[in-house]
Amino acid sequence: MKLVTYDSQGIQSVGILEGEWVYPTGYGSLLELIRAQKPAQKIGQALAKGQVQILAPIPHPQQDIICLGVNYMAHAQESARFKKEDFNGERPYAVYFSKRVDCALEDGGTIPSYPGLVDSLDYEVELAAIIGRDAKAVRQEDAWEHVFGYTILNDVSARNVQNRHKQWYFGKSMDGFCPMGPCVVTREEFAFPPALEIYSRVNGELRQQANTRDMIFDLPFVIAELSQSMTLRAGTVIATGTPAGAGMGFTPPKWLRPGDLVECGIEGIGVLRNRVGG
Ligand code: MG
């Protein structure tokens, strides 16, 4: 099932997306639906998708997004090359960090470029998992029961800011740096862990292309490892890392510029399109 959060005449709601139609569910937000612990059902009349404004699935995450860093081997290599660091090809422990999101950007929304502050704006297509049931001390084999569904997330990054401040937090948490959507696909639609084609394009040029099965640390591992000591609340968003081909991976780097169109796609979910603003 595909779910969308949408605005119709100033009222925010969650709908079931089928082709070009959105069926109201009676829920005002995805977090409300997740907490209800009931499957979404169609109530009332379908609305044409073009007549509503599709928002990010969770416009205001309750906590920071949990992110995986350098979770695909080829991206770990390009990242080390960019920072002129040695990389021996070993990644024994997962890299976790967080990304603050005041308001997740919807499909079609404009990514701000912060001229004067940011000189190296970059994109990162990622599969994001949304936790559906509070997770504490969950075993890998039970992790699936704690997943609600999946969406696409663009972990927009200001490389100069993330590097000079030593922590990635500031350079990845600026307003507008978290495009998310266009929809959420519920967990039963995919294998677990998901094995989905993932790609990004900038102005039509293919930049990233991989499969989510190539992650170094997969979702069962991540949910089990984090939840042994952290409560992952229902509604938590986990961004699982980006494959090779981010702008910093090219020589010279291919940074985003005002007017660029970034498309982030994942098989079975759709395409998240955002243009870079001035
Ligand atoms: Mg990332």
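Residues numbered from 1 in each chain as written. Predicted model: local features only at pLDDT ≥ 70, side-chain atom pairs only at ≥ 80, totals over all residues. Heavy atoms only, no water.

Trainee: I'd love a proper account of the domain arrangement of the chain, names of residues and values included.
Mentor: When cut into domains, the chain gives domain 1 (2-55) and domain 2 (65-276). Taken over C-alpha atoms, the centre of domain 1 sits 25 Å from the centre of domain 2. Residue-level contacts link 12 residues of domain 1 with 15 residues of domain 2. Between domain 1 and domain 2, the buried area comes to about 1000 Å², and carbon and sulfur atoms account for 66% of it. (Domains from an automatic or database assignment. Contact = heavy atoms within 4.5 Å. Buried area = accessible area lost by both parts, 1.4 Å probe.)

Trainee: Which residues make up the state of the cysteines, and what values go with them?
Mentor: A full pass over the atoms with the stated rule returns zero disulfides. The closest cysteine sulfur to the non-disulfide-bonded Cys-67 is located on Cys-178, 7.6 Å from its own sulfur. The buried category is assigned to Cys-67, whose relative accessible area is 0%. (Disulfide = S-S within 2.5 Å. Buried < 20%, exposed > 50% of the residue type's maximum accessible area, 1.4 Å probe, protein only.)

Trainee: Outline the coordination of the magnesium ion, listing residues and values.
Mentor: Between any two of four tetrahedral donors, the ideal angle at the metal is 109.5 degrees; between two of six octahedral donors, it is 90 or 180 degrees. Bound to the magnesium ion are the protein donor atoms Glu-124 (OE), Glu-126 (OE) and Asp-155 (OD), situated 2.0 to 2.1 Å from the metal. The motif formed by the donor residues of the magnesium ion, counted along the single chain, is E-x1-E-x28-D. By the burial criterion, Glu-124 is buried, and Glu-126 matches it. (Donors = N, O, S within 2.8 Å, 3.2 Å for Na, K, Ca; no water.)

Trainee: Can you tell me about unusual backbone geometry, naming the residues and giving the values?
Mentor: Pro-182 follows Gly-181 through a cis peptide bond whose omega is 0°. Relative to the elements of secondary structure, Pro-182 occurs in strand β13 (residues 180-186). The residue after Thr-251, namely Pro-252, is reached through a cis peptide bond having omega -10°. Structurally, Pro-252 is set in the loop between β16 (237-239) and β17 (261-266). Despite not being glycine, Lys-166 shows a phi value in the positive range, around 70°. Summarising the element assignment, Lys-166 is placed in the loop between α3 (159-164) and α4 (169-172). (Helix = DSSP H or I, 4+ residues; strand = E, 2+ residues; numbered from the N terminus.)

Trainee: Please set out helix α2 (residues 73-82) residue by residue, giving values where relevant.
Mentor: Of the positions making up α2, those classed as buried are His-75, Ala-76, Glu-78, Ser-79 and Ala-80. Lys-84 occupies a position one or two residues after α2 and carries a positive phi of about 55°.

Trainee: Describe the nonpolar core, with residues and values.
Mentor: Ranked by size, the top nonpolar core spans 52 residues in total, and within it Leu-121, Tyr-150, Ile-223, Leu-232, Ile-238 and Ile-269 carry the most contacts. Once residues lying within four places of it in the same chain are set aside, the contact partners of Ile-238 are Ile-66, Leu-68, Leu-127, Ala-128, Ala-129, Ile-131, Val-222, Ile-223 and Leu-232. By size, the runner-up hydrophobic cluster in this structure holds 27 residues, among which are Val-14, Ile-16, Tyr-27 and Val-101. (Core = buried A, V, L, I, M, F, W, Y, C linked by side-chain atoms within 4.5 Å.)

Trainee: Before we move on, could you go through the packing of aromatic side chains and cite the residues and values that matter?
Mentor: Two numbers describe a pair of aromatic rings. These are the distance of the centres and the angle of the planes. Scanning all chains against the criterion turns up five aromatic pairs. With 4.7 Å between their ring centres and 85° between their planes, Phe-97 and Trp-168 make a pair best called edge-to-face. With Phe-97 in strand β7 (residues 95-99) and Trp-168 in the loop between α3 and α4, this pair connects stretches of sequence that are 71 residues apart. An identical accessibility class is assigned to Phe-97 and Trp-168; each is buried. The interplanar angle of 50° and the centroid separation of 5.7 Å between the aromatic rings of Tyr-150 and Phe-190 together place this pair among those described as tilted. Linking Tyr-150 in strand β11 (residues 147-154) with Phe-190 in the loop between β13 and β14 (197-202), this pair joins segments that are 40 residues apart in sequence. Classification of Tyr-150 by relative accessible area gives buried; the value is 0%. One cation-aromatic arrangement involves Lys-42 over Tyr-23; the distance from NZ or CZ to the ring centre is 4.2 Å. Sitting over the ring of Phe-250, Lys-254 keeps its end group 4.5 Å from the ring centre. (Phe/Tyr/Trp six-rings, centres within 6.5 Å; stacked < 30°, edge-to-face > 60°. Lys NZ or Arg CZ within 6 Å of the ring centre and 35° of its normal.)

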